[in-house]
Amino acid sequence: MRFGLTLMAAAVAAAAGFIAPDAQADDIFTDCNGEKMRAATDMPASFSCVEMHRQQLTLGNFAPHIRTIRDAATDPGLLALYDPEAEEAVVKAFQTWAGFRGTLGWRNVTIILHSPEFQAPVKAFASADTDTMHHECVINVYLSEIEKAPPADVHSNFLFTMAHEAFHCVQAWNWSASYAHHSTTTKWWVEGSADFMASTVFPNTATSALIYQDFDKNSESVPLTQMSYETGVFFTWLWGKDPALFWSMLDGLPSGADSGDEQAQQASLRKTVGEERFQEFAQDYVDGNIIDPHGKPLGVHPVFTSTVVYSDTGDREFLTQPFTVMRRVVRFERGQYMTATKAAKPPLFAARPLESTGGWGPFPDQISPGCEGDESFVVASMPVENDRTQFTLSGINMSPCPKTCLVQADEIEQCLVGRWKVDPSMHMSLMTIYMTGEMRDLTLGGDIFVTFNKEGTVFVEFSNFFFSGITENAGMDIKIMVEVDGTDQGIWSASGDRMAWCPKALGVQFKSTVTLPDMSPVTQPFQGYMQNAQYEYTCDGDVAWMTFPTDDVDFDPRWRLHRVQ
């Protein structure tokens, strides 16, 4: 009966081109004491193999065999915890993966259980070799290394390791042209995908958790294609999105002479996974929203290396490199900010409030932490193109909070006392400064009044005031509409050519609406117009001028006021 099964298996394997011409006539396995086997393993010269057992599988159109061997000098009692579980772990892995993808090809496997007394030549739990015998994969299991783990982890590490090494066999059989140049430049997918596929069969281990910590530490500075085992985090996420993406990624890897070229590998990822998918990965990773194949959170904890702080108007640069996960906490302190993102191309850049998960979207164009605290956001990006790796976020503090009121209560310039109407066209000199780029098609309407009382109070009143215009950013026309209503109350003083005011009550309501092509308008409200500030002024009967000095005199905002009463 065994002879008949062997002939049947040999016919199937030969039809697939999987039987090497040097295989023994009476056995589909390589002679475990022969020179070819010794060249493929770490057996000492004294090793004399003893086959413990074998079995045959039916996987689609293939009928591979799996056997387990040991050194004749090894006490079988030392292997009692691992045999026959080593073989059964590989069988379970192969059956699971064949269920995932019926088109996979399979060959034979020899498992060598090295005695716990045998010192491994490498510091690894196991290794898989397919280079010497192309019809057969040899898995060396170094029990001396496995038993160094804490006792509670030995069994789970052993099963996980068997599945991990078994997938290396599958890689070599099914993606041989990509796997053939297996080196440091391909470890990111060779080791990472093997770790992930092992997790589809057996739960992640304590060792896996330590590896994921490496991803947390390195992913912001080390590209995905320069990592190793820790890329199992990415492959777990990819599978969770769509298993077809995982297989497409492996199928699309460069082969032959290009298989070890990092640029070629990155190009294949851009093509098979897609740029926007990497942005989704960055967001889910930051949110801790990666679930393993057994339905449990993966347990990654992204490290935030810095906080970007806006305490006044300014620009902040965000730099990264392709295939790294850029993440920052961005904090706005005391005030009311308008923001704008500048980049050569619109970056794949998303933000969400710090204290929540999900809800990612474009960075808010208005942020109002007020004068009592601050407001923080998380931003995340995983660019895969060089021209998306650098961008600037501008934060313009429209209404800084007062620190020390500048008003001198006894200094009142009598010529300013009264009610004034602000020339609307002059008000545009302030608004255009806060817009990104040049504005065109400007329109405005409504009224602005300022009332200086001799008791030292001041009121700024907006009555149906609005302005709108179009600005260009990254090749897109962006329409901006700002509507302002309400009255702010404060205190003021003036003497010579200097005046100051400070807010006491903020009642002005701003509403800005930003409309991008083919997108719904985004409306953001914020409150308050008056701020703690000093002005230069001139007063000439029924006309007065107020100028707000800045570092750039060419853009000093200047208003003309006409006396009403």
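Residues numbered from 1 in each chain as written. Predicted model: local features only at pLDDT ≥ 70, side-chain atom pairs only at ≥ 80, totals over all residues. Heavy atoms only, no water.

A. Up close: the nonpolar core. Membership of the largest hydrophobic core comes to 82 residues, with the highest contact counts inside it found for Phe94, Trp97, Trp106, Phe246 and Phe281. Per-element accounting of this core gives the leading share, 12 residues, to helix H5 (residues 151-174). Discounting residues that sit within four places of it in the chain, Phe281 has contacts with Phe215, Val233, Phe234, Trp237, Ile290, Val325 and Met382. Residues Trp501, Val514, Tyr529 and Ala533 belong to the second largest nonpolar core, which totals 32 residues. (Core = buried A, V, L, I, M, F, W, Y, C linked by side-chain atoms within 4.5 Å. Buried < 20%, exposed > 50% of the residue type's maximum accessible area, 1.4 Å probe, protein only. Helix = DSSP H or I, 4+ residues; strand = E, 2+ residues; numbered from the N terminus. Contact = heavy atoms within 4.5 Å.)

B. Representation of the pattern of salt bridges in the model. For the structure shown, the criterion picks out 24 salt bridges. One salt bridge connects Asp284 with Lys241, and the closest N-O pair in it is separated by 3.4 Å. Taken together, the positions of Asp284 in helix H12 (residues 275-287) and Lys241 in helix H9 (residues 232-241) put the pair 43 residues apart, joining distant regions of the chain. Take Lys241: its relative accessible area is 36%, and that puts it in the partly exposed class. Salt-bridge contacts for Asp542 lead to Arg563; the nearest nitrogen and oxygen are separated by 3.3 Å. On the criterion of sequence distance, the pair formed by Asp542 in the loop between strand S19 (533-540) and strand S20 (543-547) and Arg563 in strand S21 (residues 558-563) is long-range, its members being 21 residues apart. One continuous salt-bridge network, built from bridges that share partners, spans Glu51, Arg54, Arg67 and Glu136. (Salt bridge = Lys/Arg side-chain N within 4 Å of Asp/Glu carboxyl O.)

C. Looking closely at the state of the cysteines. Considering all chains together, one arrives at 3 disulfides under this definition. The residue that forms a disulfide with Cys32 is Cys49, at a sulfur-sulfur distance of 1.6 Å. Of this pair, Cys32 sits in the loop between helix H1 (2-15) and helix H2 (35-40) while Cys49 sits in strand S1 (residues 49-56), placing them 17 residues apart in sequence. In this structure Cys32 comes out as buried when scored by relative accessible area, which is 9%. For Cys49, a relative accessible area of 12% corresponds to the buried category. With its sulfur 2.0 Å from that of its partner, Cys137 forms a disulfide with Cys169. Here the disulfide of Cys137 and Cys169 is left-handed, its torsion about the S-S bond being about -65 degrees. Of the two residues, Cys137 is situated in strand S5 (residues 136-142) and Cys169 in helix H5; the sequence distance between them amounts to 32 residues. No difference in accessibility class separates Cys137 from Cys169, as the two residues are buried. (Disulfide = S-S within 2.5 Å.)

D. How the structure looks around the pairing of strand S3 (residues 108-114). Of all 7 residues in S3, 7 are buried, a share of seventy percent or more. The two faces of S3 match: Asn108, Thr110, Ile112 and His114 on one face and Val109, Ile111 and Leu113 on the other face are all buried. Pairing between strand S2 (residues 65-71) and S3: 4 bridges, direction parallel. Bridging across to S3, Arg67 finds its partner in Thr110. Between S2 and its parallel partner S3, the chain crosses via helix H3 (residues 85-100), and the hand of that crossover is left-handed. (Pairing = 2+ DSSP bridges. Right-handed = clockwise from strand over helix to strand, strands pointing away.)

E. Structural view of the packing of aromatic side chains. Inspection of the entire model under this criterion finds 39 aromatic pairs. Geometrically, the ring pair formed by Trp97 and Phe167 is edge-to-face, given 5.1 Å between the ring centres and 80 degrees between the ring planes. Separated by 70 residues along the polypeptide, Trp97 in helix H3 and Phe167 in helix H5 bring together distant segments of the chain. Classification of Trp97 by relative accessible area gives buried; the value is 0%. Arranged with centres 5.1 Å apart and planes meeting at 75 degrees, the rings of Phe246 and Trp247 form a pair that is edge-to-face. Summarising the burial analysis for this pair, Phe246 and Trp247 share the class buried. (Phe/Tyr/Trp six-rings, centres within 6.5 Å; stacked < 30°, edge-to-face > 60°.)

F. Highlighting the packing of H9 against helix H10 (residues 243-251). The interhelical angle for the contact between H9 and H10, taken along N-to-C directions, is 125 degrees, at an axis separation of 5 Å. In this view, H9 runs oblique relative to H10, as classed from their interaxial angle. Across from Phe235, Leu238, Trp239 and Lys241 in H9, the residues of H10 making contact are Pro243, Leu245, Phe246, Trp247 and Met249. When the residues that make up the contact of H9 with H10 are grouped by side-chain class, the tally is 8 nonpolar, no polar and 1 charged. (Axes fitted to C-alpha atoms, helices over the stretch in contact; angles between N-to-C directions. Parallel < 35°, antiparallel > 145°, perpendicular 65-115°, else oblique. Nonpolar A, V, L, I, M, F, W, Y, C, P; charged D, E, K, R; others polar.)

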